[in-house]
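Structural characterization, general
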Amino acid sequence: MDTLLEVRDLSLSYHTPSGETNALSHISFDLMPGEFLAVVGPSGCGKSTLLNVICGLLKPEKGTVLMNGTPVSRGDSRIGYMLQKDHLLEWRSVYRNILLGLEIRKEITPEKLSYIESMLRTYGLDKFRTSRPSQLSGGMRQRAALIRTLALKPELLLLDEPFSALDYQTRLNVSDDIGIILKKEKKPAILVTHDISEAISMADRVIILTKRPAKISAIVPINLDIEDRTPLSSRNAPNFKSYFNLIWKELNEHA
């Protein structure tokens, strides 16, 4: 199987009048088609910076990011990006919010409109298409934001702590929903999170970063002893706690 994403020897520093801040240092990893990676690390270590480099928003001082063998660029249409906030516009209905990316790119086609209709029905938002974002729960807003992103048919999805603003119970349910959606859509993803349990429950592999400047201290493959795995059911796997303790120990050693 060919590699979807190749990250090779990434290094990046921020330069300000007060000095230089080293953010990323010699980071390398691959992502395979259909794979879900999670990235954890100490607060402020550069996890979000890494996503910004992968999608082309930031240019590394050293290293390369290739998708299907070609470099990524700013605004690369092959990559979808979900941020911490859903950024739904209150003056637009749910449906018109979902159309926003397609409108900006001038890519509204019968095929993509049909795809949106299918996702609205499948993921429980069809009855709320004319609602305003303020009328939705936090979980429904995140589903709308995900459909908006998937409507662009990206080859890779980047998730920058998309559940962090939700209360704990909603966070569990929404991460389960989105994990199932991405699996159904066969969409590869990279998730940045502070939550070790969330990383283990959703990912095929967990990348552990050190404190700034971030280096990869370990990459942990997740093989849970459970059938028909979903993010929520993963937490009941017998070896879930062992993975948690392993990642917790690795994080503390490099915090």
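Above this text you will find the structure in question.
Here's what I pulled together on the structure shown here. As the structure is a prediction and not an experimental result, all values here were calculated from the model.

1. Notes on helix α1 (residues 47-54)
Most of α1 is tucked away: six of the eight residues are buried. Residues of α1 that are buried include every one of Lys47, Thr49, Leu50, Leu51, Val53 and Ile54, and no others. Once α1 ends, the next one or two residues include Gly56, with phi positive near 90 degrees.

2. Focus: the side chain of Arg78
Following the sequence through the fold, Arg78 ends up in the loop between β5 (70-71) and β6 (79-82). In this structure the side chain of Arg78 is engaged in a polar contact, spanning 3.0 Å, whose partner is the backbone oxygen of Met67. When neighbours within four sequence positions are excluded, Arg78 is seen to be in contact with Met67, Thr70, Pro71, Val72, Pro154, Glu155 and Leu156.

3. Remarks on the sheet that holds strand β3 (residues 36-40)
If you trace the six strands from one edge of the open sheet to the other, you get β6-β7-β8-β3-β9-β10, paired in mixed fashion. Since the sheet does not close on itself, it has two edges, and those belong to β6 and β10 (216-221), each with one partner. Mean inter-strand twist for the sheet, computed between neighbouring axes without regard to direction, equals 15 degrees. Lying on the sheet, helix α9 (residues 240-253) is in contact with β3, β9 (205-209) and β10; it crosses β10 at an angle near 175 degrees.

4. Brief notes about the nonpolar core
Among the nonpolar cores identified, the biggest contains 51 residues, and Leu182, Val206 and Ile247 are the most heavily contacted of them. Sort the elements by how many residues they give to this core and helix α5 (residues 138-150) lands first, with six residues. Once you skip the residues sitting within four places of it in the chain, Leu182 turns out to touch Phe36, Leu146, Leu150, Leu157, Leu159, Lys187 and Ala189. Among the nonpolar cores identified, the runner-up in size contains 30 residues, and Val53, Met67, Ile190 and Ile207 belong to it.

Conventions we followed
- Residues take numbers from 1 onward in each chain, read along the sequence in its written order.
- Local features in this predicted model are restricted to residues whose pLDDT is 70 or higher, and side-chain atom pairs enter the listing and the counts only when it is 80 or higher, whereas totals over whole chains, interfaces and linings include all residues.
- Remark: hydrogens and water are excluded; side-chain values derive from all non-hydrogen atoms of the structure.
- Buried residues are those whose accessible area, probed at 1.4 Å on protein chains only, stays under 20% of the maximum for their type, while exposed residues exceed 50% and partly exposed ones sit between those limits.
- Numbered from the N terminus, helices here are DSSP runs of H or I no shorter than four residues, and strands are runs of E no shorter than two.
- Polar contacts, as used here, are pairs of N or O atoms within 3.5 Å; protein pairs need one atom able to donate a hydrogen and one able to accept it. Residues neighboring in sequence count only if both atoms are side-chain atoms.
- Here, two residues are considered to be in contact whenever any of their heavy atoms come within 4.5 Å of each other.
- The pairing criterion is simple: DSSP has to find at least two bridges between the two strands.
- Here, axes are lines fitted to C-alpha atoms. For helices the fit covers the stretch in contact, and angles between N-to-C directions go from 0 to 180 degrees.
- Note on terminology: a nonpolar core comprises buried Ala, Val, Leu, Ile, Met, Phe, Trp, Tyr and Cys residues joined through side-chain atoms within 4.5 Å.

Function cannot be read off these values alone, since they describe shape.
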